[in-house]
2 protein chains.
Amino acid sequence: MTGAAEVRFRRVALIGIGLIGSSISHAIRRHGGLAETIVGSSPTASTRDKAVEIGLVDAAFADPAVAVAGADLVILCAPVGAYARIAKSIGPALSPGAILTDVGSVKAAVVADVGPYVPAGVDFIPGHPIAGTEQSGPESGFASLFDGRWCILTPTATARAEAVERLVQFWKALGSNVELMTAEHHDRVLAITSHLPHLIAFNIVNTAAHLERVTDSEVIKFSAGGFRDFTRIAASDPTMWRDVFLNNKAAVLEMLGRFTEDLFHLQRAIRYDDGEELFQLFGEAREIRRGIIMAGQDTPAPDFGRSPQTKKPPQG
Amino acid sequence: MTGAAEVRFRRVALIGIGLIGSSISHAIRRHGGLAETIVGSSPTASTRDKAVEIGLVDAAFADPAVAVAGADLVILCAPVGAYARIAKSIGPALSPGAILTDVGSVKAAVVADVGPYVPAGVDFIPGHPIAGTEQSGPESGFASLFDGRWCILTPTATARAEAVERLVQFWKALGSNVELMTAEHHDRVLAITSHLPHLIAFNIVNTAAHLERVTDSEVIKFSAGGFRDFTRIAASDPTMWRDVFLNNKAAVLEMLGRFTEDLFHLQRAIRYDDGEELFQLFGEAREIRRGIIMAGQDTPAPDFGRSPQTKKPPQG
């Protein structure tokens with residue numbers, strides 16, 4: 001681990017104070033020496049009040065340009081669809097030598113939207129912590145959100161190497177593992193590991209909701225058979241996800257094409273009673289699950305039986 | 001609650017001793033007075049040995065016809081694809097007055113496969129506890145699996161009302177809520193709440209695995225963005241799920257058709273940048289999630305950030 005001195009920032013500005021912004025604040029506070037001051041910006045008065053009240057920020061401003069003045073680290077934590085407007089507003093107020101980064105779930109569109117407004121002397125290093133819950137708002141954050149998760153950084157060509165290294169150390173201090181890649185590769189990897197799963201989850205929940213003869217109450221009542229787990233993913237913030245799909249269109253449409261092709265293959269195996277093919281495909285899926293547990297990205301504890309009344313079974 | 005005396009069975013025979021069979025045994029033992037003797041049957045010697053060793057059954061037999069002799073409650077807990085063969089074998093050995101039930105995830109096919117072998121005087125009452133985990137085998141069961149979950153019974157026309165009531169009380173004693181419906185309605189409800197979600201999960205995991213340029217290790221590494229939750233569902237037993245899809249073909253294909261239609265609608269909204277439609281659909285999905293939490297079928301604790309090292313955040 002790197003000592004606090006090497007990554008200490010004078011003033012961190014969080015533009016947007018939802019799940020990720022508030023979790024960054026908690027993780028900075030937990031660490032102790034990462035930032036002298038944290039300021040924030042939100043267009044919503046109640047969010048600003050709450051953020052100050054629970055100590056997420058030392059000061060909150062409606063105008064993001066005021067929040068970034070004098071900051072040496074600026075983190076965009078707003079929905080990606082708002083970035084262009086924010087960048088246009090804060091561009092002239094950014095301090096020379098500052099690092100500008102973000103936490104958005106898409107990266108090529110962020111480079112296109114924000115890049116033109118970044119003044120010379122500011123290091124623009126887009127980022128994406130692969131962490132979250134299905135909850136949102138300034139009270140949903142917690143300090144351990146990034147622990148053991150991956151944060152992807154996609155440095156622009158003009159970002160200085162020492163600024164990139166400083167941001168890498170910052171995310172490590174928040175608890176993350178860090179990986180560097182291009183914005184385009186990020187968007188492809190995330191299209192399959194995150195964007196497509198969310199789209200599918202939203203879709204199946206809506207398909208269920210629109211069934212006429214299966215009432216909502218039956219869908220809900222018997223949801224423990226698998227449907228429940230999709231609704232958890234589908235409970236994620238609608239604004240954020242609208243922006244993700246509009247801003248990673250090409251990669252998402254490509255993955256959707258592959259998904260549909262594979263689904264038709266499965267559908268055909270069911271129609272023609274090809275049990276061998278089904279067994280083979282289901283077995284392969286199980287192997288991938290083992291890989292994820294081995295990689296420490298999930299726990300092997302059985303989880304389908306969860307309920308407020310039910311204790312987790314003991315695991316050997 | 002009903003007292004133990006009313007539902008006490010002399011001899012319960014579990015045909016198949018995997019996750020559900022072993023959990024039924026644990027739940028019977030937890031209750032104390034539900035059965036005098038539990039016997040089991042499995043074609044696998046190591047499963048029989050393990051079941052006796054850890055006290056799941058008082059005796060285990062390779063031949064299911066031997067296991068059911070003298071039993072007043074026989075529960076088929078094997079993969080649905082094996083039911084016809086088992087029914088043919090045990091039919092002549094079933095005792096008059098016995099209740100024959102099962103725990104399979106499809107019901108119309110079970111009635112068709114098993115019904116012809118059920119002798120007069122035996123009450124055949126197919127059942128399906130909506131509970132499970134992604135794990136399998138005799139050591140995966142636990143007593144609380146059915147607590148607060150639903151068990152659906154689909155009594156055949158010839159089953160006596162008092163036998164149905166006795167089985168209802170048995171499942172309640174194991175911790176379940178119980179609902180009665182026709183086999184056909186069950187298959188439709190489960191097609192959307194369980195079978196389709198599993199098929200989709202298997203499919204997306206395989207789509208990810210087959211991508212050439214996104215390596216397996218990247219898919220696994222960055223799986224916390226949503227993909228991980230699909231792999232959990234896709235880790236379920238391949239044999240069981242093959243049999244489910246082959247035995248609930250009509251309902252699954254119908255739901256698949258609706259799902260694909262809805263997915264194309266979403267895909268079109270992405271292609272034509274219809275953010276309003278996306279926002280609307282995602283918001284509706286979020287409402288269904290709220291209903292599931294209100295109905296006690298899941299917990300509102302955020303779960304995406306889970307990891308062996310990460311503590312659950314405190315919830316207000």
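The residue numbering used here restarts from 1 in each chain and proceeds along that chain's sequence as written. Chains and ligands are labelled by the order in which they are written, letters from A for the one and numbers from 1 for the other. Per-residue local features of the predicted model are confined to residues with pLDDT of at least 70, and side-chain atom pairs are confined, for both listing and counting, to 80 or more; whole-chain, interface and lining totals are unaffected and use all residues.

Overview of the overall build of chain A
Logical step 1: A run of H or I in DSSP becomes a helix once it reaches four residues, and a run of E becomes a strand once it reaches two; helices and strands are each numbered from the N terminus. Regarding its fold elements, chain A presents 13 helices and 9 strands.
Logical step 2: Computed over C-alpha atoms, the radius of gyration of chain A comes to 22 Å, within 12% of the 20 Å expected from 2.2 N^0.38 for 316 residues, which places it in the range of a compact globule.
Logical step 3: Taking the principal axes of the C-alpha coordinates as reference, chain A spans close to 65 × 45 × 40 Å.
Logical step 4: Among the 316 residues that make up chain A, the fraction classed as buried is 57%.
Logical step 5: Throughout, a pair of residues is in contact if the C-beta atoms placed from their backbones lie within 7 Å. When contacts within chain A are restricted to residue pairs at least 6 apart in sequence, those whose partners lie at least 24 apart make up 75%. Using C-alpha atoms as the atom set, the radius of gyration is obtained and then compared with a globule rule of 2.2 Å times the number of residues to the power 0.38. Field definition: a residue is buried when 20 or more other C-beta atoms are found within 10 Å of its C-beta, exposed when 12 or fewer are, and partly exposed for counts in between, with C-beta atoms placed from the backbone.

Details of the relation of the copies chain A and chain B
Logical step 1: Our superposition of the copies is a least-squares fit, built on the C-alpha atoms of residues whose pLDDT is at least 70 in both. Between chain A and chain B, the superposition needs a rotation of 180° and an axial shift of 0.0 Å, giving an RMSD of 0.0 Å. The transformation relating the two chain copies, once decomposed into turn and shift, fits a two-fold axis. Rotation axis and chain A: the residue whose C-alpha lies nearest the axis is D229 of chain A, separated from it by 3.7 Å.
Logical step 2: In this assembly the copies share their binding face: 100% of the residues contributing to the interface of chain A also contribute to that of chain B.

A look at the interface of chain A and chain B
Logical step 1: Taken together, the contacts link 101 residues of chain A with 101 residues of chain B.
Logical step 2: Elements with a minimum of two residues in the side of chain A that touches chain B: α8 (183–210), α9 (216–221), α10 (227–233), α11 (238–247), α12 (249–271) and α13 (275–294) of chain A.
Logical step 3: Counting residues per element, the side of chain A that touches chain B draws most heavily on α8 of chain A, at 19 residues.
Logical step 4: The residue inventory of the side of chain A that touches chain B, partitioned by class, reads 51 nonpolar, 27 polar and 23 charged. Each residue gets one of three labels, nonpolar for Ala, Val, Leu, Ile, Met, Phe, Trp, Tyr, Cys and Pro, charged for Asp, Glu, Lys and Arg, and polar for the others, Gly among them.

Quick word on the sheet that holds strand β6 (residues 123–124) of chain B
Residues and elements named next belong to chain B.
Logical step 1: Read from one edge of the open sheet, 6 strands run β3-β2-β1-β4-β5-β6, paired in parallel fashion. Both outer strands of the open sheet, β3 (59–61) and β6, are each paired with one neighbouring strand and no more.
Logical step 2: By this definition, two strands are paired if DSSP reports at least two bridges between them. Where strand β1 (residues 9–15) meets strand β2 (residues 35–41), 6 bridges bridge the pair, whose relative direction is parallel. Within the sheet, the bridge partner assigned to I15 lies in β2 and is S41.

Let's talk about unusual backbone geometry
Most peptide bonds take the trans configuration, and most residues that are not glycine carry a negative phi.
Logical step 1: Its identity as a non-glycine residue notwithstanding, D273 of chain A has a phi of 55°, on the positive side.
Logical step 2: By the element assignment, D273 of chain A lies in the loop between α12 and α13.

Section: helix α3 (residues 45–53) of chain A
Residues and elements named next belong to chain A.
Logical step 1: Along α3, the positions that sit buried rather than exposed are T47, R48 and A51. What you see down the axis of α3 is that its buried residues fit within an arc of 100°, all on one side. Along α3, the residues that are exposed and aim more than 90 degrees away from the buried face are A45, S46 and E53.
Logical step 2: Taken from the residues just after α3, G55 is the one with a positive phi, measuring 80°. Throughout, the arc means that of the directions going from the helix axis to the C-beta atoms.

A short note on the domain arrangement of chain A
Residue and element names in this part refer to chain A.
Logical step 1: For the purposes of this description, domain bounds are those given by an automatic or database domain assignment. Examined at the domain level, chain A breaks down into domain 1 (4–181) and domain 2 (186–294).
Logical step 2: Listed per partner, the contact involves 14 residues of domain 1 and 16 residues of domain 2.
Logical step 3: Looking at side-chain class alone, the side of domain 1 that touches domain 2 contains 7 nonpolar, 5 polar and 2 charged residues.

Comments concerning the sheet that holds strand β8 (residues 150–153) of chain B
Residue and element names in this part refer to chain B.
Logical step 1: Judged by pairing direction, the sheet is mixed, and its 3 strands sit side by side in the order β7-β8-β9 without closing on themselves. The open sheet is flanked by β7 (127–129) and β9 (177–180), the only strands paired with a single partner. Between one strand and the next, the sheet's axes are offset by a mean angle of 20°, whatever the strand orientation.
Logical step 2: Across 4 bridges, β8 lies against β9 in parallel orientation. The partner of W150 across the bridge, within β9, is N177.
Logical step 3: To obtain an axis, a line is fitted to C-alpha atoms, over the contacting stretch when the element is a helix, and the angle between two such axes runs from 0 to 180 degrees between their N-to-C directions. Contacts from helix α7 (residues 161–173) reach β8 and β9, with the element oriented near 165° to β8.

Some words on the packing of α8 of chain A against helix α8 (residues 183–210) of chain B
Logical step 1: At a closest axis distance of 11 Å, the pairing of α8 of chain A and α8 of chain B adopts a crossing angle of 160°. Taken together, the axes of α8 of chain A and α8 of chain B are roughly antiparallel relative to one another. As α8 of chain A packs across α8 of chain B, the resulting crossing turns out to be right-handed. Listed contacts from α8 of chain B to I192, L196, P197, I200, I204 and A208 of chain A of α8 of chain A are I192, L196, P197, I200, I204 and A208 of chain B. Oblique is the label for any angle not under 35 degrees, not over 145, and not in the 65 to 115 range, which are roughly parallel, roughly antiparallel and roughly perpendicular in turn. Handedness of a helix crossing follows the sense of rotation of the near helix relative to the far helix, less than a right angle counterclockwise being left-handed and clockwise being right-handed.

A short note on the packing of α8 of chain B against helix α10 (residues 227–234) of chain B
All names here are of chain B.
Logical step 1: Between α8 and α10, whose axes approach to 8 Å, the crossing angle comes to 120°. What the angle tells us is that α8 and α10 run oblique. Seen along the crossing, α8 lies across α10 with a hand that is left-handed. Contact with α8, carried on its side by P197, H198, A201, F202, I204, V205 and A208, involves F227, F230, T231, I233 and A234 of α10 and no other residues of that element.

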